[in-house]
Amino acid sequence: MPLVNAKEMMEKAREGHYAVGAFNINNLEWTKAILQTAQELKAPVMLGVSEGANKYMTGYKVVAEMVKAMIETLNITVPVALHLDHGTYEGAQKALEAGYSSVMFDGSHYDIEENIQKTKEIVALAKKKGATVEAEVGSIGGEEDGVTGRGEVADPKQCKMIADLGIDMLAAGIGNIHGQYPANWQGLDFDALEKIKATCGNMPLVLHGGTGIPEDMIKKAISLGVCKINVNTECQLYFAEATRKYIEAGKDKEKKGYDPRKLLAPGTEAIKEIVKIKMEMFGCVGKAE
Ligand SMILES: [Zn+2]
C-alpha cells in the first residue's frame, strides 16, 4: 500500500476508541523495525520524523523516498503515514514538497493570531497535496530538538480556534512532557482534556510525550478523544539499553560481532519489542485487517 495521509486512520481510531501510535524514526533500522512490527500486528502506523532527524538522515526527500521504497520492498500492506513531527513553517512546506503524507505545524510558540495565520497557510498547501495537518496549541513540557516547553495546559478556546482551521489533528498540552517524566510529575490533566474535547467536538486529539505515561492514564486519554499518541524517547531508551548490553557482554569482540549489522541487531529487536508493547496498550493491534 502506498503512503496514506492520517485522515482515515484518525477517523477509524476515533470511532473504534483506540489510538494510532506515531513512532519517531532516526535511521533505516528504526524505520524497518517499526514497519515490520506494524505489519506483523496488522496495526495502522505513523512514522514521525523531527526536523533534526530529517537533517540527520540528509533531508526530507531521502526520508520520503526511503520510507516509500521500504513499504514497497517489504510488502507492507497496513496503512502507513509519514508525518513531520514538530515542523516549523518552512519545514512543513519542505516536507509536503518532498512527499510527506502528513505534517505537524507547531506554531505553539507564536501568539495565537500568528499561529492561526501560519496554520491556515500550511492547511491550504497540505490540502493541495492530499496530506493531513496536525496543529498545536499551547506548549507541551520538556525538551525536543532544543525546543523547550513548560508543561502548559492549553486553553480550550484557543484549541477551538485552531481546530476550526481545517486541520485533521490537534495537539494540545494537558500536562504531558517530552522525554522522561520527572518523579514529581502531576499526571495528565483530564479536566483540561475534557474541556478541550467538549469545545473541539470530533477533532482527533494528539498526545505527545507518550513515554512513561502509565497505562491507565493512556486508556483514559483515549476514552476522552485522543486518537494519536507520539512515542519517541522510549524507543531510544530500549535501543540504547540493548546496544549497551551487547557491548558490555563483549559480543562485539567475539567473531565478527563488530559488524554493524550484528552490532545494531539487538537494539533493532528492542525497538520492535517496545513498539509492540505500545501498540497493544493503544488498542490499535488488528485494526488494519
Ligand atoms: Zn511532541
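Anything mentioned here points back to the structure above.
Residues numbered from 1 in each chain as written. Predicted model: local features only at pLDDT ≥ 70, side-chain atom pairs only at ≥ 80, totals over all residues.

**What about the environment of A172?**
The topology assignment puts A172 in strand β8 (residues 169-172). In this structure, the C-alpha to C-alpha distance between A172 and A22, residues 150 residues apart in sequence, is 16 Å. Once residues lying within four places of it in the same chain are set aside, the contact partners of A172 are V137, G138, A154, C159, I196 and L205. (Helix = DSSP H or I, 4+ residues; strand = E, 2+ residues; numbered from the N terminus. Contact = placed C-beta atoms within 7 Å.)

**Re the pairing of strand β5 (residues 132-137)**
Of all the six residues making up β5, six are buried; the element is thus mostly covered by neighbouring parts of the structure. The alternating pattern of β5 places T132, E134 and E136 on one face and V133, A135 and V137 on the opposite face, and all of these are buried. Note that strand β4 (residues 102-105) and β5 share four bridges and pair parallel. Bridge pairing in β5 links V103 to V133. For the handedness criterion, the β-α-β arrangement of β4, helix α6 (residues 112-129) and β5 is classed as right-handed. The sheet contact formed by β5 and β8 spans four bridges and is parallel. Counterpart to E134 in the pairing with β8 is M169. (Buried ≥ 20, exposed ≤ 12 C-beta atoms within 10 Å, placed from the backbone. Pairing = 2+ DSSP bridges. Right-handed = clockwise from strand over helix to strand, strands pointing away.)

**Quick word on the packing of helix α2 (residues 28-41) against helix α4 (residues 60-73)**
The geometry of α2 relative to α4 is characterised by a closest axis approach of 11 Å and an angle of 40 degrees between their N-to-C directions. Between α2 and α4, the interaxial angle falls into the category oblique. Read as a crossing pair, α2 and α4 show a hand that is right-handed. Here L28, T31, K32 and L35 of α2 come into contact with α4, specifically with M66, V67, M70 and I71. Of the residues assigned to the contact of α2 with α4, the class counts are six nonpolar, one polar and one charged. (Axes fitted to C-alpha atoms, helices over the stretch in contact; angles between N-to-C directions. Parallel < 35°, antiparallel > 145°, perpendicular 65-115°, else oblique. Left-handed = near helix turned anticlockwise from the far one by under 90°. Nonpolar A, V, L, I, M, F, W, Y, C, P; charged D, E, K, R; others polar.)

**Notes on the sheet that holds β4**
Here eight strands make up a closed barrel; going around it, the order is β1-β2-β3-β4-β5-β8-β9-β10 and the pairing parallel. Neighbouring strand axes in the sheet, compared pairwise and without regard to direction, differ in orientation by 25 degrees on average. In this fold helix α1 (residues 7-16) packs onto β1 (20-24), β3 (80-87), β5, β8 and β10 (226-231), with an angle of close to 115 degrees to the strand it touches most, β10. Contacts from helix α12 (residues 265-282) reach β1 and β10, with the element oriented near 155 degrees to β1.

**Remarks on α1**
For α1, every residue scored as buried is listed here: M9, M10 and A13. One side of α1 holds all its buried residues, which, seen down the axis, span an arc of 100 degrees. Phi turns positive one or two residues past the end of α1, at H17, with a value near 55 degrees. (Arc of directions from axis to C-beta.)

**Details of the environment of D191**
Structurally, D191 is set in helix α8 (residues 190-200). For D191 and I174, which are 17 residues apart along the polypeptide, the C-alpha to C-alpha distance reads 8.8 Å.

**Observations concerning the packing of α4 against helix α5 (residues 89-98)**
A pair of packed helices can be characterised by two numbers: the angle between their axes and the separation between those axes. Relative orientation of the contacting elements α4 and α5 amounts to 40 degrees, with a least axis distance of 9 Å. By the angle class used here, α4 and α5 are oblique. Between α4 and α5 lies a crossing of right-handed hand. Taken together, the residues of α5 that come into contact with α4 (itself represented by Y60, K61 and A64) are K94, A95 and A98. Grouping the amino acids of the contact of α4 with α5 by side-chain chemistry returns four nonpolar, no polar and two charged.

**Some points on helix α10 (residues 233-248)**
An α-helical turn contains 3.6 residues, so any two residues separated by three or four positions project in the same direction. Helix length check: α10 (16 residues) gives 22 Å between terminal C-alpha atoms against 22 Å at 1.5 Å per residue, within 8%. The complete set of buried residues in α10 reads E234, C235, Y238 and F239. One face of α10 carries all of its buried residues, which in axial projection span an arc of 135 degrees. Structural note: α10 exposes A240, R244 and E248 on the side pointing more than 90 degrees away from its buried face. Against the buried residues of α10 lie β1, β10 and α12. (Expected span 1.5 Å × (residues − 1).)

**Topic: the nonpolar core**
Core analysis: the largest hydrophobic core is formed by 84 residues, its most contacted members being A19, I34, V45, L47, V103, L170 and I271. When residues in this core are grouped by element, the largest group, seven residues, is from α12. With residues up to four places along the chain from it excluded, the contact list for I34 reads F23, I25, V45, L47, I271 and V275. (Core = buried A, V, L, I, M, F, W, Y, C linked by C-beta atoms within 7 Å.)

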